[in-house]
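Summary of the model geometry
The primary structure of each chain is shown beneath.
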Amino acid sequence: HAASNHRRPCHTMDKSITLPPDEIFRNLENAKRFAIDIAPSDKLYEISVQEEVTARLHFIKFENAYIETCLDFIKDHLVNTETKVIKATVDKEDEMTCLIKGCNFVLRNIPHEAFVYAKHADSEFRFQTTHPDIFPYLLVNIGSGVSIVKVESEDKFERIGGSSIGGGTFWGLGALLTKTKRFDELLQLASKGQHTSVDMLVKDIYGGSYGSLGLTGDLIASSFGKSATADKEFSKEDMAKSLLHMISNDIGQLACLYAKLHNLSRVYFGGFFIRGHPVTMHTITYSINFFTKGEVQALFLRHEGYLGAIGAFLKGAEEDNPNQYSWGENYAGSSGLMSVSPDMYPMQRARSGTFDMLEMDRLERQLVNLPLLQDASSYIPDTVDLTEDAQAREYWLYCFEEALDGVVKRAVASQPDMPEAAERAEKFRQKYRHKLQTLRHQPFAYGSLTVRSLLDTREHCLNEFNFPDPYSKLKIIIVSSLVERPWLVDSYDQWLERLKGPPHKCALFFVDNSGLLSRGTEVVLASNSGPALNDVTNGELQILTERIAAMDPVIQDGLKEDRLTLVQSGSSSPCLDLSRLDKVLAMVVRERQTDLVIIEGMGRAIHTNYYAMLSCESLKMAVIKNSWLADRLGGKLFSVVFKYEVPADKADEDSALLTPS
């Protein structure tokens, strides 16, 4: 844990960094494959590890000053061992393949991977929900030069263009103009400069705008145009800013022309020129907006710096076919996106002696969209984006911090026979509290911040310290009396009316901790694959259903006749993301021609999916057990939500059937 907080003064020659192995390379002895991305321009070094026991990927990014530590690590742990395989992106022919493989991997497996950068917005980062089909897209990789790659499928991509004017040009010319040799220092200068002191604008030539050509007065007519005639010294800051604009505009226009030529609307920017720097992201975004009149968005990647290492790992692990699985970011072990505002957090750019980390856990099966989503490309599981709603963010961060003592006690009580449980629980407390503090200052660290991500982060932290199911002895059904009707959201009468009609063919029921069968409707019970809070898991539900079947003939007959099916959801969260569900569940939904979806519980029906649009009838039911949330929704504590929804086309069909001819 100390590694993520480690700070030491910035001395270029100081190359001593201690890597606590239990924090960074857990179960190192089980790792069989390593991939190293040796970036020629940026000198950032990355190592990835696949662990056999926990099926987890570790990616660690070192600053260039610590390459000796990285090489020592390789020498001590990898060289002359029989079971280790090392892959590196030093073969130039493979570098682009690794980059594309890595890009496909993060876009497919991390829902909030891509973002739009908006410098002056309340939230600098606008995360995009990844489209179910990530192809085709344009990748503009800005290293020393620029490579423009059209990616059409997993294995089909083509370098369709490029330029020799790239990040190396900015660095090289910047060094000549400002005598500043460090790339980050050059960007720091640019962030403080005024390009209008150096650039010739349209108004400098015409006295204002050039209306007949549609050119505004503030438009750059000639980069560095004033330096040819003005008899004065220009500041380093102004020259760096002018140079940054010149190169960003050139790259932006080139990217727009290629996007238009190949009819592509998704354009991702990466490479060491970008690397999360606000000034480069802002100038590229401005350029793209200008040249496409807002039709194309400049998209950036949260894990842009890891693509080469991920691709090298995937290329080296092809015999294990890692793409047959889905992977999920482990929030407990990932350092997340840092603040990019150099004025607010100047030390974060010069944090010598530290490193960034990304951890990915392999999930048992591939996760896919629920086939019944009305529009999978526009589906957003979460009801509130806490990244943008400051009031809600403050409340929920406070709420989770207040609940921490109770979670720690629960964790210790769940393992009464393990004397070291208290020590592990304390480590969990420290880790999760640190995560909450990070999210208070950097709500965008892991994509859009939501109640779901706060819950998932807590589960990941509990798992890290071997508390996989703190509620294992407390899975009880709480039966509470409902408040009187009318409820806060009340479609109950419409539902009763619907029950008078023909029975549904098949109902998919997402259960939490809590008689359609008798109507002749097939029922699919979907429960969590792994433990989360006190929600029932698929394994527990199997045992529970068998016991109930012994007492209830309806359940018994349903199981015998295969009208009652138990399927795991693929989730281990108290909330529900309908775009990442077990492939088997999706198959059952299709095969059984499911025409009713029931989503139950506050996590699944309020925090997530409250606004989800489905292509069949749906019921969303919950009792609101949080007074702040109840107040937010215009109700009181224990208000009932009973939301019966019929898609518009289905409602039209039903009314046509009911109208006499």
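Residues numbered from 1 in each chain as written. Predicted model: local features only at pLDDT ≥ 70, side-chain atom pairs only at ≥ 80, totals over all residues. Heavy atoms only, no water.

If you look the protein up in an unreviewed UniProt entry, it shows as 4'-phosphopantetheine phosphatase from Anabas testudineus. UniProt's Subunit (unreviewed entry) comment on the protein is quoted here verbatim: "Homodimer. Interacts with PKM." Quoted verbatim from the Catalytic activity (unreviewed entry) heading of the UniProt record, the comment on the protein is "(R)-4'-phospho-S-sulfopantetheine + H2O = (R)-S-sulfopantetheine + phosphate". (UniProt positions renumbered as here; feature names shortened; annotations may be inferred.)

Time to look at the overall build of the protein. A tally of regular secondary structure across the protein gives 21 helices and 24 strands. In the protein, which comprises 661 residues, the share counted as buried stands at 53%. For the protein, the exposed area adds up to about 30,700 Å²; of that, 52% sits on carbon and sulfur atoms. (Helix = DSSP H or I, 4+ residues; strand = E, 2+ residues; numbered from the N terminus. Buried < 20%, exposed > 50% of the residue type's maximum accessible area, 1.4 Å probe, protein only. Areas by Shrake-Rupley, 256 points an atom, 1.4 Å probe, with all protein chains shown as cover.)

One full turn of an α-helix is made of 3.6 residues, so residues set three or four places apart face in the same direction. Of the residues making up helix α6 (residues 183-192), those classed as buried are F183, L186, L187, L189 and A190. For α6, the angular spread of buried residues about the axis comes to 155 degrees, placing them on one side. For α6, the secondary structure elements touched by its buried residues are α5 (167-178), α8 (236-261) and α9 (278-292). (Arc of directions from axis to C-beta. Contact = heavy atoms within 4.5 Å.)

Further remarks concern the pattern of salt bridges. The full count for this structure, using the stated rule, is 32 salt bridges. Here E185 and R182 are joined by a salt bridge, their closest N and O atoms 3.4 Å apart. According to the relative accessible area criterion, R182 is partly exposed, its value standing at 46%. In this structure, E497 engages K500 in a salt bridge whose closest nitrogen and oxygen atoms are separated by 3.3 Å. Exposure remark for K500: the relative accessible area of 66% places this residue in the exposed category. Here the salt bridges do not stand alone but share partners, grouping E394, E401, R433 and R440 into one network. (Salt bridge = Lys/Arg side-chain N within 4 Å of Asp/Glu carboxyl O.)

What follows is about the pairing of strand β12 (residues 266-270). Residues in a regular strand point their side chains to alternate faces of the sheet. Here β12 lies mainly inside the structure; five of its five residues are buried. The alternating pattern of β12 places R266, Y268 and G270 on one face and V267 and F269 on the opposite face, and all of these are buried. In this sheet, β12 lies alongside strand β7 (residues 137-142) in parallel orientation, the contact comprising four bridges. Its bridge partner lying in β12, N141 is registered against G270. Where β12 lies against strand β13 (residues 297-301), four bridges are found, and the strand directions are parallel. Bridged to Y268 within β13 is L299. (Pairing = 2+ DSSP bridges.)

Turning to the sheet that holds strand β18 (residues 506-510), a few remarks are in order. Strand order in the open sheet made by the seven strands is β17-β24-β23-β22-β18-β19-β20, with mixed pairing throughout. Of all strands in the sheet, those with a lone pairing partner are β17 (489-490) and β20 (564-568), marking the two edges. By the bridge criterion, five bridges tie strand β19 (residues 522-527) to β20 in an arrangement that is parallel. Residue pairing in the sheet places A526 in a bridge with V567 of β20. Relative to the sheet, helix α16 (residues 538-551) contacts β19 and β20, its axis offset from that of β20 by approximately 160 degrees. Sheet contacts for helix α18 (residues 583-591): β18, β19 and β20; angle to β20, the most-contacted strand, approximately 150 degrees. (Axes fitted to C-alpha atoms, helices over the stretch in contact; angles between N-to-C directions.)

What follows is about the confidence of the model for the protein. Taken residue by residue, the protein gives an average pLDDT of 85. The fraction at 70 or more is 83%. Highest mean pLDDT in the protein belongs to strand β8 (residues 146-151) (98); lowest belongs to helix α1 (residues 2-5) (26). Low pLDDT (under 50) marks residues 40-53, which in the prediction has 72 contacts with non-local residues, meaning those over four places away or in another chain. Below pLDDT 50 for its whole length, residues 342-354 participates in 32 contacts with residues either more than four positions away or in separate chains. (pLDDT = per-residue confidence, 0-100.)

What follows concerns the sheet that holds β13. Taken in spatial order, the seven strands make up an open sheet running β6-β5-β13-β12-β7-β8-β9, and their pairing is mixed. The open sheet has two free edges, formed respectively by β6 (125-127) and β9 (157-163), since each of these has just one partner strand. If you compare each strand with its neighbour and ignore which way they point, the axes differ by 35 degrees on average. One ladder, built from two bridges, connects strand β5 (residues 114-117) with β13; its direction is antiparallel.

The subject of this paragraph is the packing of helix α13 (residues 421-441) against helix α14 (residues 451-464). Following both chains from N to C, one finds α13 and α14 inclined at 150 degrees, their axes separated by 9 Å at the closest point. Between α13 and α14, the interaxial angle falls into the category roughly antiparallel. By crossing handedness, the relation of α13 to α14 is classed as right-handed. Every residue of α14 that contacts α13 at F428, K431, Y432, K435, L436 and L439 is listed here: L454, T457, R458, C461, L462 and E464. Looking at the contact of α13 with α14 residue by residue, the class counts come to seven nonpolar, one polar and four charged. (Parallel < 35°, antiparallel > 145°, perpendicular 65-115°, else oblique. Left-handed = near helix turned anticlockwise from the far one by under 90°. Nonpolar A, V, L, I, M, F, W, Y, C, P; charged D, E, K, R; others polar.)

Turning to the environment of A411, a few remarks are in order. By the element assignment, A411 lies in helix α12 (residues 404-413). Taking the C-alpha atoms as reference points, A411 and P468, separated by 57 residues in sequence, lie 9.1 Å from one another. In contact with A411, other than residues within four places in its own chain, are L462, F467 and P470.

So, on to the environment of R592. Following the sequence through the fold, R592 ends up in the loop between α18 and β22 (596-600). Separated by 68 residues in sequence, R592 and V524 place their C-alpha atoms 9.1 Å apart. At a separation of 2.8 Å, a polar atom in the side chain of R592 contacts the main-chain carbonyl oxygen of D562. (Polar contact = N/O pair within 3.5 Å; in protein donor to acceptor, adjacent residues only side chain to side chain.)

On the secondary structure map, L107 appears in helix α4 (residues 92-109). Given the relative accessible area of 1%, L107 is considered buried. Non-local contacts of L107, meaning those with residues more than four positions away in its chain, are made with E113, T130, I134, Y137, Y268 and L301.

Let's shift gears to the side chain of N109. Counting through the fold element by element, N109 comes out in helix α4. From its side chain, N109 meets the backbone oxygen of F105 in a polar contact 3.0 Å long. The contacts of N109, once residues within four sequence positions are left out, are Y325, S326, W327, M360 and R580.

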